[in-house]
Structures are given as structure tokens and as C-alpha cells.
Amino acid sequence: MKFLRAFIAVALLSVLGFIGLEVLGWVNPVVSLFGRITQALGVPVIFQALHQIFGLGSTGKSVAFAGVLVGWLGGLTLLGGLVRPWQAGAVVALALLAFTPLEVALGNGAVFGLLLWGLERLLAPRASTLSEPLAPVPTAAVARTDATRRTVTLALAGTGAAVLATRAGRLISVGGAGASASAASTPVTPGSLPAGVTPVSNWYYVSKNLEALDPRINGEKWRLRVDGLVGTPKTLTLEDLTRFPAVTSERTLACISNPVGGPLISNGIWEGFRLADLLRDVGIGKEARFVLWEAEDGYTESLPLGDALDPDVLLVTRLNGAPLTPKHGFPLRVLIPDRYGMKQPRWLTRITLSATDKPGYWVQRDWSRTARLELQSRIDFPEEINPQVKAGQPITVRGMAFFGTRPITRVEVSTDGGKTWGQAKLTPPRSNSAWTLWAFAWTPTAGAAMLMARAYSGSVAQKPAERDALPEGATGYHRFIVNAG
Ligand SMILES: Nc1nc2c(c(=O)[nH]1)N[C@H]1C(S)=C(S)[C@@H](COP(=O)(O)O)O[C@H]1N2
Ligand SMILES: [Mo]
């Protein structure tokens, strides 16, 4: 997280630097660094080698410059990730003094320090389920990191960082009664969401696309093609979908690349209809074994037909009382219980029944074929980002636990690094596929304490083994140190 932040800061600094160079003719630190390095190491040696590889011409130079740029980005990312903003700024200023004019060195150091400092404030590393239910307006920002996976997206995130930062919001739950998950439950109105429901403005976001290149679909022109091994292939409009019986369901959506304790999970009230109703309407061919999904952005996924006919598999058009936003799948997205988000396409455009399976977009990239949810829990208060508490003052440790349609039956909390565990109080089940909120009373004593949480679903216990998200989803207990002063 720190390194992502540092990378965004150095990316912004570099973009500013190059704009300064192009538009105003400022001295650019990377260009100066390039000059200094090539001079110091002896141009002939380096360029001879590069020329041998790339031939004569400007390619070698471009490659060398790219190398210096990568070094600059990498070096400053490391620096910014390892030390405090002002220290990183000071180091940059001092280092640049060696080969750039005073004002360039100081300017770059100061801007880098300020960017780091500002991003640290803007990009809190997690979304908390249970912030104070006061303001219905997002107050701070949450970084939507996607751990190990979309490196390219992350690399490009630097330039989009300003947009990201302003659009990001902290997850805030707004007071109110619990929601029922039944097909008949009353639709919600945005602005009056029950506690524990994630406002759309704070919903986590993961996409294979750059956000700016995500589909923006015109609802009038959009069509859903249903074909393959069906009785009658059909092309449906948004209007056509309204004739299927409406279903409202509170569901939690989680990304498979979410690290333990991470922010890539949200809970909302969805409205749509059953996939089974649509498939029966077009007629299911005898040979059909798989549902293949296609989306506007070229995303593909699949689901065995047996699973797809589960009445809990929905096609949804609304979230939290409003039509899906373009970012979160307008006009239609798939919801499948007990699976991570990657199995559930947004911007759906085509459903094909097939006798054979076709690995989906992330499956082709070595992620899980089935993407079944792991049992998970997270501590939301105290916040990992700000683990300060007052000694001797009772607090309520809070968080969530989630295991798809399997109920959370117990959550345990440790405040001594796992030596002893106490039982948390669970809020009543909110639906058959939403996270469970929990609370645990604790009076910190002075000093450091290691907080940990673990959840159970009947006889199934959360896996203690720390496992990376790739390829089957992260496991391990959420843990961090809080300081009581
Ligand atoms: N068409 C399409 N659908 C998609 C994706 C995508 O990139 N394209 N990403 C998937 C992944 S990995 C996740 S976690 C969820 C995220 O949905 P959200 O951003 O609305 O939370 O969408 C899924 N559906
Ligand atoms: Mo995901």
C-alpha cells in the first residue's frame, strides 16, 4: 500500500516534471540524471553495448533513457514507501543537488514530499464497514488496490491518481434497520441505507480495464443476446427484462485478489431477476452443460448449467435503490452466490448455452476456475491505518465476517496475538448471502497489543494459514498491532 502510494506520488511528480520541461523548459531531474549517469559511466561503453543490441539510431538511447526512468520511478517508489514523506522529500532534494540547480533539487524534493503526504491522507488503505453513522457523504478516500494482479493497471494508475483520489471514498454505513433478503423485501432508497450496506459511492472497484476505458453503455441501444443451445435464440432490450419476476437480495461481493483485511469487498441491496427464469423463457437445449457469459469489454466467464439454474443466481439492474452506475456494470450484471467477483461479469451483453466450457478472462490468466469464496473476517475498528487507542478506556472492536451463503456462527477476537480468544457478538443474519457484522468489547491496557480475528461457519473454521490471493483467494487471520497510550 505504502509503495503504491509512493509510486503514484513519483508518477505524478514525473508527469509534472515532464510537463514543466515541455511547456516551460524547466530542468528535468530524470533528464539530468540520464545525462549524469551516461557521462559518469562513459557514453561509449554503454552506447556501444546498446548499439550492438539495438542497432544504430535512437533506439539505444531511448532504451537507456527508459532504464533511467524505470530506475527513478523504482528508486523513489522504494524511498517513498520506506520512510516518512518529509524524509523522502529531503533525500530527493539532497540527491538532486548533485546534478541539478538548487531550485530544481529543492522544488522536486518539496513536491515529492507534499505528494506523499497528501496521498497518505487521501488514500486510506481500507474501507471500514462501521465508520460513525453520521454523515451520509464520503469523507476520506480509500485506495482500491488490487494486490498482485493487475500490475499494468497499477502502473498506469499513477497518471490516473488524481482522478482516483478525488473519486475514491471511504465506506460509510448509514444508520437504519436491517434489510431482509427475501424476494419480496422492500426496495431501498439511496440515502437511507441500513447500517452495514455499502453506499455505491464507496463500493470497491476492480476492473480488467483502465477505469477511463470501462464501457459506458447507452441503455437504449444495449441488447442482451441469448443464444447457443437454446430453444429460441433471443435478443432482449432493457425493457424486455422487466417482465421477469423481480427479486431483491442483499449480497456481499468480494474480489478474489483482496488481501486478508483488505478493502475489496462491499455489501449492497441488489434488484434484478433470476437467470433461471430467463433461461426457461428461451428454452434450455438438451446438450447444454455450461453458461458462457460475454461482456461489453470483452470479459468472459462461465458457469456450469447446474449451478446457473440455482434460484440465487441473479441478473441485476439496480444496486441500493438506483440503477447500476456505469462503473459498476450498467445496465446488467451477474450475481452468483459463493463465488468471488471474477465469476460475475458486469456490462453483460451475451449469454450462450454450450456443451463445453470455456475458461474465462482471469482463468486464462491463472486465476481459479471455480473462484469459490474462502471464509473471511476483518477488523474494521480500530482501523489498521490508525491503530491508536486510549489505555483504560473501553472500546468496541468491530468488523465483519463473510462466507457466502454459509452462515457465520461465531467470531473470535484476540487482543494478545492469539494467546487467548474471546467471543464477539454477532448482529443477526441480514440475508442468506451478506456479511455478518460483529462487535467485541475491549479495554486496552497501556502498550502495544496484537489484534486478531477469526470466524467460524458451523464446524468450518477460518483457515489460519497465510496464503496469497493468487490463485484461489487469500487466507489467514487479519491481524495488526494497536498502541494504547
Ligand atoms: N465485464 C467485466 N466484469 C467484471 C470484471 C471486469 O473487468 N469486466 N471484473 C470482475 C472482478 S475481478 C470483480 S472483483 C468484480 C468487481 O465489481 P465492482 O468493481 O463493481 O465491485 O467485477 C467482475 N466483473
Ligand atoms: Mo476481482
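For the structure itself, look to the data block above.
Below, the structure is looked at part by part. (Residues numbered from 1 in each chain as written. Chains lettered and ligands numbered in written order. Predicted model: local features only at pLDDT ≥ 70, side-chain atom pairs only at ≥ 80, totals over all residues. Heavy atoms only, no water.)

Describing the overall build of the chain
Link 1 in the chain: When you go through the chain residue by residue, the secondary structure sums to 11 helices and 22 strands.
Link 2 in the chain: Counting only contacts in the chain whose residues sit at least 6 apart along the sequence, the fraction spanning at least 24 positions is 73%.
Link 3 in the chain: Element-wise, carbon and sulfur atoms account for 61% of the exposed surface of the chain, whose accessible area totals about 21,700 Å². (Helix = DSSP H or I, 4+ residues; strand = E, 2+ residues; numbered from the N terminus. Contact = heavy atoms within 4.5 Å. Areas by Shrake-Rupley, 256 points an atom, 1.4 Å probe, with all protein chains shown as cover.)

Some words on the packing of aromatic side chains
Link 1 in the chain: Tallied over the full model, the rule gives five aromatic pairs.
Link 2 in the chain: Relative to Phe273, the ring of Phe244 has its centre 5.0 Å away and its plane inclined at 20°; by these criteria the two rings are stacked. Of this pair, Phe244 sits in the loop between helix 9 (238-241) and strand 5 (247-254) while Phe273 sits in strand 6 (residues 265-274), placing them 29 residues apart in sequence. Exposure class is identical for Phe244 and Phe273. Each is buried.
Link 3 in the chain: An aromatic cluster of three or more residues is present, and its members are Tyr299, Tyr361 and Trp362.
Link 4 in the chain: Note that Lys327 overlies the ring of Tyr205, its terminal NZ or CZ placed 4.8 Å from the centroid.
Link 5 in the chain: The positively charged end of Arg454 is found above the aromatic ring belonging to Trp421, 3.8 Å away from the centroid. (Phe/Tyr/Trp six-rings, centres within 6.5 Å; stacked < 30°, edge-to-face > 60°. Buried < 20%, exposed > 50% of the residue type's maximum accessible area, 1.4 Å probe, protein only. Lys NZ or Arg CZ within 6 Å of the ring centre and 35° of its normal.)

Considerations on the site of ligand 1
Link 1 in the chain: By nearness alone, 21 residues border ligand 1, and Tyr204, Lys208, Asp297, His328 and Arg333 come closest of all.
Link 2 in the chain: One of the side-chain nitrogen or oxygen atoms of Arg346 is found 2.9 Å away from an oxygen atom of ligand 1.
Link 3 in the chain: Here ligand 1, which alone exposes 530 Å², has 100% of that area covered by the protein.
Link 4 in the chain: Class assignment of the residues belonging to the shell around ligand 1 gives a composition of 12 nonpolar, four polar and five charged. (Near = heavy atom within 4 Å. Polar contact = N/O pair within 3.5 Å; in protein donor to acceptor, adjacent residues only side chain to side chain. Nonpolar A, V, L, I, M, F, W, Y, C, P; charged D, E, K, R; others polar.)

Some remarks on the packing of helix 5 (residues 85-97) against helix 6 (residues 102-122)
Link 1 in the chain: Where helix 5 meets helix 6, the axes come as close as 8 Å, and the angle between the chain directions of the two elements is 160°. The orientation of helix 5 relative to helix 6 falls into the category roughly antiparallel. Considering only the axes of helix 5 and helix 6, their crossing is right-handed. Packed against helix 5, whose contacting residues are Pro85, Ala88, Gly89, Val92, Ala93, Leu96 and Leu97, the element helix 6 presents Leu102, Val104, Ala105, Leu106, Asn108, Gly109, Phe112, Gly113, Leu116, Trp117 and Glu120 at the interface. (Axes fitted to C-alpha atoms, helices over the stretch in contact; angles between N-to-C directions. Parallel < 35°, antiparallel > 145°, perpendicular 65-115°, else oblique. Left-handed = near helix turned anticlockwise from the far one by under 90°.)

Description of helix 10 (residues 275-282)
Link 1 in the chain: Here helix 10 has its buried residues at Leu275, Ala276, Leu278, Leu279 and Val282. The buried side chains of helix 10 occupy one side of the element, clustering within an arc of 160° when seen end-on. (Arc of directions from axis to C-beta.)

With respect to the sheet that holds strand 7 (residues 290-295)
Link 1 in the chain: Taken together, the five strands give an open sheet; going across it, the order is 4-3-12-7-8, and neighbouring strands pair in mixed fashion. For this open sheet the edge positions go to strand 4 (234-236) and strand 8 (300-304), each flanked by a neighbour on one side alone. Pairs of neighbouring strands in the sheet enclose a mean axial angle of 15°, with direction left out of account.
Link 2 in the chain: As defined by bridge partners, strand 3 (residues 224-228) adjoins strand 4 across three bridges and the pair is classed as antiparallel. Bridged to Arg225 within strand 4 is Thr235.
Link 3 in the chain: Here helix 10 sits on the sheet and contacts strand 3, strand 4, strand 7 and strand 12 (348-354); the angle it forms with strand 12, its principal contact strand, is near 60°. (Pairing = 2+ DSSP bridges.)

Thoughts on the pairing of strand 8
Link 1 in the chain: Strand direction decides the pairing type here: strand 7 and strand 8, joined by five bridges, are antiparallel. Bridge pairing links Trp293 to Glu301 in strand 8.
Link 2 in the chain: Taken together, strand 7 and the strand that follows it, strand 8, pair antiparallel across an intervening segment of four residues, in which Gly298 is found at a positive phi of about 85°.

Quick notes on the sheet that holds strand 13 (residues 376-381)
Link 1 in the chain: Reading across the sheet, the four strands line up as 13-15-19-18 and stay open at both edges, with antiparallel pairing between neighbours. Edge strands, defined here as strands with exactly one partner in the open sheet, are strand 13 and strand 18 (425-426).
Link 2 in the chain: Across seven bridges, strand 15 (residues 395-402) lies against strand 19 (residues 436-442) in antiparallel orientation. Within strand 19, the residue paired with Val397 across the bridge is Phe440.

Comments concerning the side chain of Thr352
Link 1 in the chain: The residue Thr352 is located in strand 12 in this model.
Link 2 in the chain: The class for Thr352 is buried, based on a relative accessible area of 12%.
Link 3 in the chain: For Thr352, the side chain forms a polar contact with the side chain of Asp227, separated by 2.8 Å.
Link 4 in the chain: Looking at Thr352, its side chain comes within polar contact range of the side chain of Arg350, at 3.3 Å.
Link 5 in the chain: Setting aside chain neighbours within four positions, we find Thr352 in contact with Asp227, Gly228, Phe290, Val291 and Leu292.

Digging into a nonpolar patch on the surface
Link 1 in the chain: Among the surface-exposed residues, Val15, Ile19, Val23, Leu24 and Trp26 lie close enough to one another that they form a single nonpolar patch of about 510 Å² accessible area.
Link 2 in the chain: With respect to the helices and strands, the residue Leu24 is situated in helix 1 (residues 2-24). (Patch = residues over 30% accessible without salt bridge, like charges linked within 9 Å, V, L, I, M, F, W, Y side chains within 5 Å. Salt bridge = Lys/Arg side-chain N within 4 Å of Asp/Glu carboxyl O.)

Observations concerning the pattern of salt bridges
Link 1 in the chain: A full pass over the atoms with the stated rule returns 20 salt bridges.
Link 2 in the chain: Between Asp281 and Lys234 there is a salt bridge; the shortest N-O distance is 3.0 Å. Here Asp281 is found in helix 10, whereas its partner Lys234 is found in strand 4, with 47 residues between them in sequence.
Link 3 in the chain: On the basis of relative accessibility, which here comes to 24%, the residue Lys234 falls in the partly exposed class.
Link 4 in the chain: Glu271 serves as the salt-bridge partner of Arg318, at 3.5 Å between the closest nitrogen and oxygen. Of the two residues, Arg318 is situated in strand 9 (residues 314-319) and Glu271 in strand 6; the sequence distance between them amounts to 47 residues.
Link 5 in the chain: Three or more residues are tied together by salt bridges with common partners; here these are Arg225, Asp227, Glu294 and Arg350.

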